[in-house]
Each structure stands twice: as structure tokens, then as C-alpha cells.
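A structural walkthrough
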Amino acid sequence: MALLNILNYPDKRLHKVAKPVTEVNDRIRRLVADMAETMYAAPGVGLAATQVDVHERVIVIDVSETHDELLVLINPEIVWSSDERKLSEEGCLSVPGIYDNVERAEKVRVRALNEKGETFELDCEGLLAVCVQHEMDHLMGRVFVEYLSPLKQTRIKSKMKKLAHAM
Ligand code: K1U
Ligand code: ZN
């Protein structure tokens, strides 16, 4: 397994749209293992392949307190969203140190392939629902700060650029 480099906002590669996985093979399983290792090391509760500069529809999530309930979503689709929406605080491994509130569907049902290439559906609420929607946005080239006001986005971009120069 290997630790992967996480792209930092405002890197243009975070805006690429990921392509569907055509076959769940050993290359994809290795990517999943490397992404899981990278997410746990960060530490984070989710990671999309876009964030490690791989533009294929792969997500890993673990919102358990024990960090031992890895969820792998390959070619995820939201098949149902609640009309009820909820404001929750979000963070992002690609925007370190920035946390802000985003409104999303309170509950979603996601359909995806697992590491064996089998289709499954999962009902999500709470942090899991937030995380699934946040990671699926990454696959569409969208970063959570893009839901914030233009003023906040300008401030965040300038903070991230200063941070990159200091490193
Ligand atoms: O996509 C990412 O960058 C991962 C992101 C997922 C996420 C968290 C919270 C709300 C929405 C999406 C993170 O994991 S940020 C780090 C974080 O939330 C965390 C870190 C350590 C322990 C618990 C949470
Ligand atoms: Zn993120």
C-alpha cells in the first residue's frame, strides 16, 4: 500500500470530472487500498479519487468512531434524496484548516459497486449523508467552498496560496 499526495485547493485538477470505472479489477482494488490508507493517515472520514489526481469514480468513507468500517463506493449514483435539507459543518482534506456550513439533502440513498464489482444500495443520514454528497461533488469537480459566498472563496483562496508558499 502507499500514501498518495492530496491535491490542495485551488488546484485546477480538483475541477476535473471523473469518468466511470469500466472494470473493477486489481488496479482499482489497489487504488482503493491506497486511498483508504491515505484517508486514515490524514486523518479524514472520506476521500474521492479526484483528490489524489485520479479521475475515476471511486470514493472511500469511514465515519465510524472505531475507524474500522470502510465503505467503498465505485461509480456511485444518488438514487433518492430527501426533500428535507440540513445545514452541517464540513471540512475537506484538500482545503486544510477551513470549516464552514453547507446545506445539503438530509438523507440520501446511494447505489454503487463494491470492491468485488457487486451493486449495492445504502441509505445514508447524518455525517454519512453529508460525506457521500461531499465526495460525490469531488467526482464532479466541485469543492465544498464553492457553496460559500464569493468573498469567503476569495479569502480562502488567498489563505491557501499563502500556505502553499510557506511550505
Ligand atoms: O473529502 C474530504 O476531503 C474528506 C473530508 C470529508 C468530510 C468531512 C466532514 C464533512 C464533510 C466531508 C474530511 O474528512 S475533513 C476531516 C474531518 O472531517 C475529520 C478529521 C478527523 C476526524 C474526524 C473528521
Ligand atoms: Zn473534500
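See the structure above.
Report follows, based on the coordinates. (Residues numbered from 1 in each chain as written. Chains lettered and ligands numbered in written order. Predicted model: local features only at pLDDT ≥ 70, side-chain atom pairs only at ≥ 80, totals over all residues. Heavy atoms only, no water.)

**Regarding the sheet that holds strand 7 (residues 119-124)**
Here we have five strands laid out as an open sheet, ordered 1-2-3-6-7, and antiparallel in their pairing. If you trace the sheet from one side to the other, it starts and ends with strand 1 (46-48) and strand 7, each paired once. Along the sheet, successive strands turn relative to each other by an average axial angle of 40°, direction set aside. Sheet analysis places strand 3 (residues 71-81) next to strand 6 (residues 108-113), joined by five bridges and oriented antiparallel. Within strand 6, the residue paired with Ser 81 across the bridge is Val 108. Relative to the sheet, helix 1 (residues 26-41) contacts strand 1, strand 2 (58-61) and strand 3, its axis offset from that of strand 2 by approximately 40°. Contacting strand 1, strand 2, strand 3, strand 6 and strand 7, helix 2 (residues 126-139) crosses the sheet at an angle of about 155° to strand 2. (Pairing = 2+ DSSP bridges. Helix = DSSP H or I, 4+ residues; strand = E, 2+ residues; numbered from the N terminus. Axes fitted to C-alpha atoms, helices over the stretch in contact; angles between N-to-C directions. Contact = heavy atoms within 4.5 Å.)

**Structural notes on the coordination of the zinc ion (ligand 2)**
Within the protein, the zinc ion (ligand 2) binds to Cys 92 (SG), His 134 (NE2) and His 138 (NE2); these donor distances fall in the range 2.0 to 2.3 Å. In the primary sequence, the donor residues of the zinc ion (ligand 2) line up as C-x41-H-x3-H. Residue Cys 92 is found in the loop between strand 4 (85-90) and strand 5 (100-105), and its partner His 138 is found in helix 2; the two are separated by 46 residues along the sequence. For His 138, a relative accessible area of 0% corresponds to the buried category. (Donors = N, O, S within 2.8 Å, 3.2 Å for Na, K, Ca; no water. Buried < 20%, exposed > 50% of the residue type's maximum accessible area, 1.4 Å probe, protein only.)

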